[in-house]
Amino acid sequence: SIKDASQGTMSASTSTGTSPTERPVEGPSIHVDKEMKRKKITIVGGGSMGSFFGAKFAMALNHGQSSRSLPFFPEITILSNWTKQVSAINSDGLLLEQPPGSIRRVHSLTATSSLDDCQETDIAIIAVKSNQTYLASLKARGILSTTRLR
């Protein structure tokens, strides 16, 4: 069983069925090196799924702060052919309703329709319709950093 994390302990039974042992529960340790290269995440596809995951990543990774003002948080970019959506994201951000009735405007990401703006991406996520997957994968391969696995 797991105790309340605020108590700072976790209880776990051994495989032999003996009494549980307790050990400290440590929260995530995040070391931010402001001198390190800023990581880039590109979501290929700006439709509903690409926008949803872009907003969720931006909210989770940047803690609601503008990634433009915090150089050590990842840069989140949505790559889309839909120029009207790209323009709207860059000027107004994304509106995310989750849970129903709770609306948040997310500004900590950018959108583009140019592959040049996404070069040296560390992580590429493909979020397109199935009939567009092959072309999207070619785009993703072309923008991935040469220092990363392909």
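Coordinates for the structure precede this section.
All of the points below concern the structure found in this document. Per-chain numbering applies: the sequence of each chain, read as written, is numbered from 1 onward. Where totals are concerned, whole chains, interfaces and linings use all residues; where local detail is concerned, this predicted model gives features only for residues with pLDDT of at least 70, and gives and counts side-chain atom pairs only at 80 or more. Only hydrogens and water are removed before side-chain values are computed, so all heavy atoms of the structure are retained for them.

## Some remarks on the sheet that holds strand β4 (residues 75-79)
Here is step 1 of the chain: Pairing in this open sheet of four strands is parallel, and the strands run β7-β4-β3-β8 from one edge to the other. Only two strands of the sheet have a single partner each, and these edge strands are β7 (110-112) and β8 (123-126). The sheet shows a mean angle of 25° between the axes of neighbouring strands, direction not considered.
Here is step 2 of the chain: In terms of strand pairing, strand β3 (residues 40-44) meets β4 through five bridges, oriented parallel. Across the sheet, lysine 40 pairs through a bridge with glutamate 75, a residue of β4.
Here is step 3 of the chain: Sitting on the sheet, helix α2 (residues 83-92) touches β4 and β7, and the angle it makes with β7 is about 155°.
Here is step 4 of the chain: Strands β3, β4 and β8 of the sheet are contacted by helix α3 (residues 133-143), whose axis makes an angle of about 175° with β8. In this analysis, strands are considered paired if DSSP registers two or more bridges between them. Helix and strand assignments follow DSSP, with helices taken as H or I runs no shorter than four residues and strands as E runs no shorter than two, numbered in order from the N terminus. In this description, a line fitted to the C-alpha atoms serves as the axis of each element, helices being fitted only across the stretch in contact, and the angle between N-to-C directions of two axes falls anywhere from 0 to 180 degrees. Here, two residues are considered to be in contact whenever any of their heavy atoms come within 4.5 Å of each other.

## Description of unusual backbone geometry
Here is step 1 of the chain: Here the amide bond leading from glutamine 98 into proline 99 is cis, since omega sits at -5°, within 30 degrees of zero.
Here is step 2 of the chain: Of note, proline 99 is situated in the loop between β5 (94-97) and β6 (103-106).
Here is step 3 of the chain: With phi around 65°, glutamate 120 is a residue other than glycine that occupies positive phi space.
Here is step 4 of the chain: Secondary-structure assignment places glutamate 120 in the loop between β7 and β8.

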